[in-house]
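Summary of the model geometry
Residue strings, one per chain:
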Amino acid sequence: MRILLTNDDGIHAPGLKLLEEIAGQISDDVWTCAPAEEQSGAGHSLSLHQPVRLRKLGDKRFAVTGTPTDSVNLGLRLVLAEKRPDLVISGINAGENLGDDMTYSGTISAAMEAALAGIPAIAMSQAMRSERSFETAKAWAVQVLTPLLEVPMAKRTLLNINFPDLPPDKVRGVRVVRQGFHDYNRGSVVGGTDPRGKNYYWFGLNQMEHTLDHGTDLEAVADGYVAVTPLHLDLTHHAAIGTLAERFAQ
Ligand code: MN
């Protein structure tokens, strides 16, 4: 199995190094094509207004001076153009990607890009509320991935895996759950004046509040489980189609 790895924390991130070790336990044909710099919060952005460069850092390692989406694109179109990967894994992100945070996530968007290209795709993130450690992802990743890889993935779907911020032996198991939602209170914005006298604004990330709906990714990770959420790229709100179409009926 040929595996392409990427992330949004950048080619030098410790979570990517760990992912390379983990993927190496599954396959001996592992490639990496990841952003040259940190791209957290980049979402599904594609660089349209400036060129990007592809830098070869090793035998099967490449850095892209762009976004996670750019990295997957160049990975598929250039680096692995002759034999496409059978699987794309994005991560392991330093920090959870749960609930509606997914739409900001470069980690998940990289997996979305692969899913759109028809390649099975998985995003992996390690919750890090108390300390910055990948210990739990390291201990649990292969046993979570192995059974998931046996199940064929439907077209334009991907898997979102989050490891809880607990010591590995305190993790209670794996739950397959739906996406939850945070309460909307992201708004940490700091203002200032730059050296040339112009105002600037800088976004920060608040600790997100949320109501723990039952059966969600947010609840599972809070309860000490590894959360596995199948996602799909059909953003249509199907239930609204009929109601809206009636407005235009003759
Ligand atoms: Mn990140």
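Residues numbered from 1 in each chain as written. Predicted model: local features only at pLDDT ≥ 70, side-chain atom pairs only at ≥ 80, totals over all residues. Heavy atoms only, no water.

Turning to the packing of helix α2 (residues 68-79) against helix α3 (residues 106-116), a few remarks are in order. Here α2 crosses α3 at 30°, and the two axes come no closer than 8 Å. The angle between α2 and α3 places the two elements in the roughly parallel class. When the axes of α2 and α3 are compared, the crossing they make is right-handed. Across from Pro68, Thr69, Val72 and Asn73 in α2, the residues of α3 making contact are Gly106, Ser109, Ala110, Glu113 and Ala114. Looking at side-chain class alone, the contact of α2 with α3 contains four nonpolar, four polar and one charged residues. (Axes fitted to C-alpha atoms, helices over the stretch in contact; angles between N-to-C directions. Helix = DSSP H or I, 4+ residues; strand = E, 2+ residues; numbered from the N terminus. Parallel < 35°, antiparallel > 145°, perpendicular 65-115°, else oblique. Left-handed = near helix turned anticlockwise from the far one by under 90°. Contact = heavy atoms within 4.5 Å. Nonpolar A, V, L, I, M, F, W, Y, C, P; charged D, E, K, R; others polar.)

Turning to the pairing of strand β11 (residues 225-232), a few remarks are in order. Of all eight residues in β11, six are buried; the element is thus mostly enclosed. The pairing of strand β7 (residues 157-163) with β11 spans six bridges and is antiparallel. Note that in β11 the partner of Asn162 across the bridge is Ala227. Of the strand pairs in this sheet, strand β8 (residues 173-176) and β11 are connected by four bridges, and their pairing is parallel. Each residue of the ladder has a partner; that of Val176, found in β11, is Val228. (Buried < 20%, exposed > 50% of the residue type's maximum accessible area, 1.4 Å probe, protein only. Pairing = 2+ DSSP bridges.)

On to the coordination of the manganese ion, then. Within the protein, the manganese ion binds to Asp8 (OD), Asp9 (OD), Ser40 (OG) and Asn93 (OD1); these donor distances fall in the range 2.1 to 2.2 Å. Sequence positions of the residues that donate to the manganese ion give the spacing D-D-x30-S-x52-N. Residue Ser40 is found in the loop between β2 (29-35) and β3 (54-58), and its partner Asn93 is found in strand β5 (residues 87-94); the two are separated by 53 residues along the sequence. (Donors = N, O, S within 2.8 Å, 3.2 Å for Na, K, Ca; no water.)

We now examine the environment of Pro167. Secondary-structure assignment places Pro167 in the loop between β7 and β8. Spatially, the C-alpha atoms of Pro167 and Ser133 are 9.3 Å apart, while their sequence positions differ by 34 residues. In this structure, Pro167 is in contact with Glu135 and Thr136, ignoring residues within four places of it in sequence.

This brings us to α2. Where burial is concerned, most of α2 is hidden: ten out of the twelve residues are buried. Taken together, the buried positions of α2 are Pro68, Thr69, Asp70, Ser71, Val72, Asn73, Leu74, Gly75, Leu76 and Val79. Contacts from the buried residues of α2 go to β1 (2-6), β2, β3, β4 (61-64) and α3.

Let us now look at the packing of aromatic side chains. Tallying each qualifying case throughout the model produces zero aromatic pairs. A cation over a ring is seen here: Arg175 above Tyr225, with NZ or CZ 4.0 Å from the ring centre. (Phe/Tyr/Trp six-rings, centres within 6.5 Å; stacked < 30°, edge-to-face > 60°. Lys NZ or Arg CZ within 6 Å of the ring centre and 35° of its normal.)

The space that makes up the second largest pocket amounts to roughly 450 Å³. In terms of lining, the second largest pocket is formed by 19 residues, of which the most central are Met112, Gln179, Leu231, His232 and Leu235. Of all elements in the fold, only α3 and β11 reach the threshold of two or more residues within the lining of the second largest pocket. The dominant element in the lining of the second largest pocket, judged by the number of residues it contributes, is β11, at four residues. Of the residues in the lining of the second largest pocket, the class split is eight nonpolar, eight polar and three charged. (1 Å grid on protein atoms, 1.4 Å probe; cavity = no way out; pocket = protein on both sides within 12 Å on 5 of 7 lines; lining within 4 Å. Points joined across faces, edges and corners; volume = space filled by probe spheres on them.)

A word on the nonpolar core. Leu5, Ile89, Ile92, Met124, Val144, Ile161 and Phe163 are the most contacted members of the largest nonpolar core, which totals 31 residues. Listing elements by their share of this core, those giving two or more residues are β1, α1 (14-26), β2, β5, β6 (121-126), α4 (135-149), β7 and β11. The leading source of residues in this core is α4, at six residues. Sequence-distant contacts of Met124, that is, excluding residues within four places in its chain, are made with Leu19, Ile89, Ser90, Gly91, Ile92, Asn93, Thr107, Leu145, Ile161 and Phe163. Ranked by size, the runner-up nonpolar core spans 24 residues in total, among them Leu4, Val79, Ala123 and Leu233. (Core = buried A, V, L, I, M, F, W, Y, C linked by side-chain atoms within 4.5 Å.)

This paragraph deals with unusual backbone geometry. Following Gly91, the chain continues to Ile92 via a peptide bond in cis, the omega torsion being -10°. Secondary-structure assignment places Ile92 in strand β5. Its identity is not glycine, yet Arg156 carries a phi of approximately 55°, on the positive side. Relative to the helices and strands, Arg156 resides in the loop between α4 and β7.

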